[in-house]
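Reading the structure
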Amino acid sequence: MANPHAPDPERVARVTSAFTANADGSEHSLCASSADVAAVDGAGVVLILHGRALGTVCSSNAIVEAVEEVQYSLGEGPCLEAFATRAPVLIPDLAARDVVRWPGFRDGALAIGVRAAFGFPILVGSVCIGALSLYQRQSGPLNDEQFADALAVAHVTGRTVLDWQSIAGDGSLARQLEHLPANRAVVHQATGKISVQTSESVDDALALLRAYAFSSNRPINDVAADVVRGALLFGARPPR
Amino acid sequence: MPHQQRLVETLVELADTLVAEYDVIDFMQTLAERSVELVDVSAAGIMLADGAGRLHHAACSSEQMRLVELFELQVEQGPCFDAFREERAVRSDTPDDAARRWPEFAPQAREGGFAAVTAVPLRLRQDGVGALNLFSTADGALDDEDLQIAQALADIATIGILQARLIRDQNVLTNQLETALSSRVGIEQAKGVVAERNTIDVDEAFVLIRRFARNTNRLLSETATGIVDGSLTDQFLAETGSDTPAS
């Protein structure tokens, strides 16, 4: 099954050189290079496997970090859609009237000062392992060069993540990705507790947690922490 | 000289397999059989190198050929070895010539009824992947034109093999990532489940989970999955019920 958005090899070679020149082995240089090469205000990389968002690998600045937090908290946004459709998702103006998808993400991103959002699936072979987000403070589409570069950046990002894992070896997690499970441990613990409190699956429990975080306008990790320390209960406890 | 049509059909057939998912062994078999049709030889065989650079038999067009190739591997001498190591085509026109160059291998080839042998390397830039053996029962190895065709077939085969390996390696790494990350998620979820059920904190819950895993000789990740999906709930309660502190 050929990929209709396969980046051209010459561009991939050029982007690879640029990434290698700036690489310091950390995930931070990955995002910095991504934003740089695509010539955008901000870039973020998210790992998604088996439909489950596993976390942000890196964000090129604090604004991107905040927007990725919104995306994770709500479980909606350009990254997740790019992953689901395995195709680029291009929103040149989040404030435009015809942007009806992800109202929560849209409002959150606009409030942070992001006006345009673009998501690109990260494909290695035929497997999608996540997505690359590109953000702009001003509205406007990516030009042809930026679009083509973004496809190449997504490709090189995927290869880089796999390279990191190949160094770590079987049974270990790449050190550049160690922060992913750690950052959201409290969220997963909370979903475990909520699943028991409500007799729901952990996936449904996560949806409940997200909905509560959205409606109370609080960061999901804070709400999760309250759940974990018993300060916040969902539904009735089962009788002992 | 092969019919143009047949040659083109073969190249298309081989190129098609590069796009679709395919079985490398089947691909090699096809290549061996088509080689015999397209160039003036009696039998063809393919050897592939493993990670350590040792050649192994991959496919061939006849049983007779297979026996000779297996022998070649045993004595580690012969046209395939030379083509692979020296990264160039190797030709031997007569049994006497073969006997001079490969004294151990040559008698076995003769026994198999083969008089002339040709071998071309399977390689792409720095990657040496193996070699293609082409044997004839009559004297006279491949002429230049047939040699070019043989090398073209070998080149396509090499691309196919390297592509298949790349995909396999990528899948291995993707699975490692998925396993490592999913198992952490599962363990945290299980801590929450056990903490809630037993009215303890998540650290105490983790102690119980680890103890259970040890006592029942299970992996931590497996235990976590079973706690979260409910399949180990009863067993876990039975094992750890008496350990829960009074709330």
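Residues numbered from 1 in each chain as written. Chains lettered and ligands numbered in written order. Predicted model: local features only at pLDDT ≥ 70, side-chain atom pairs only at ≥ 80, totals over all residues.

Some thoughts on the domain arrangement of chain A
Residue and element names in this part refer to chain A. For chain A, the domain assignment lists domain 1 (9-171) and domain 2 (184-228). Centre-to-centre, using C-alpha coordinates, domain 1 lies 26 Å away from domain 2. Listed as interface residues are 7 residues of domain 1 and, on the opposing side, 6 residues of domain 2. Per-element tally for the side of domain 1 that touches domain 2: the top contributor is helix 3 (residues 62-74), with 4 residues. The class makeup of the residues in the side of domain 1 that touches domain 2 is 2 nonpolar, 4 polar and 1 charged. (Domains from an automatic or database assignment. Contact = placed C-beta atoms within 7 Å. Helix = DSSP H or I, 4+ residues; strand = E, 2+ residues; numbered from the N terminus. Nonpolar A, V, L, I, M, F, W, Y, C, P; charged D, E, K, R; others polar.)

Considering the sheet that holds strand 4 (residues 116-124) of chain A
Residues and elements named next belong to chain A. Sheet architecture is open: 5 strands sit in the order 2-1-5-4-3, paired in antiparallel fashion. Strands at the two margins of the open sheet, each flanked by one partner only, are strand 2 (52-59) and strand 3 (89-91). Averaged over all pairs of adjacent strands, the angle between strand axes in this sheet comes to 20°, irrespective of strand direction. Summarising the sheet, strand 1 (residues 42-49) and strand 5 (residues 127-136) pair through 6 bridges and their orientation is antiparallel. Paired with Leu47 across the strands is Gly130, a residue of strand 5. In the packing of helix 4 (residues 78-85) onto the sheet, the strands contacted are strand 1, strand 2, strand 3, strand 4 and strand 5, and the crossing angle to strand 4 comes to about 40°. Its contacts with the sheet place helix 6 (residues 144-168) against strand 1, strand 4 and strand 5, and it is angled at close to 50° to strand 4. (Pairing = 2+ DSSP bridges. Axes fitted to C-alpha atoms, helices over the stretch in contact; angles between N-to-C directions.)

Side note on the interface of chain B and chain A
Listed as interface residues are 25 residues of chain B and, on the opposing side, 28 residues of chain A. No other element matches helix 7 (residues 144-198) of chain B, which puts 22 residues into the side of chain B that touches chain A. Class assignment of the residues belonging to the side of chain B that touches chain A gives a composition of 12 nonpolar, 7 polar and 6 charged.

A short note on the domain arrangement of chain B
How big an interface is tends to be stated in terms of the accessible area lost upon association of its parts. The domain architecture assigned to chain B consists of domain 1 (4-167) and domain 2 (178-243). Here domain 1 of chain B and domain 2 of chain B have C-alpha centroids that lie 55 Å from each other.

Things to note about the environment of Arg218 of chain B
Checked against the element boundaries, Arg218 of chain B lands in the loop between helix 8 (202-215) and helix 9 (220-229). Discounting residues that sit within four places of it in the chain, Arg218 of chain B has contacts with Ala213 and Thr223 of chain B.

A short note on the sheet that holds strand 4 (residues 116-124) of chain B
Residue and element names in this part refer to chain B. Reading across the sheet, the 5 strands line up as 2-1-5-4-3 and stay open at both edges, with antiparallel pairing between neighbours. Only two strands of the sheet have a single partner each, and these edge strands are strand 2 (55-60) and strand 3 (90-92). Looking at each pair of strands side by side, their axes are set apart by 20° on average, direction ignored. Inspection of the sheet shows strand 4 paired to strand 5 (residues 127-136) by 9 bridges, in the antiparallel sense.

What to know about unusual backbone geometry
Despite not being glycine, Arg86 of chain A has its phi angle at roughly 55°, a positive value. Here Arg86 of chain A shows up in the loop between helix 4 and strand 3. In this model, Glu87 of chain B sits at a positive phi of 55°, which is unusual for a non-glycine residue.

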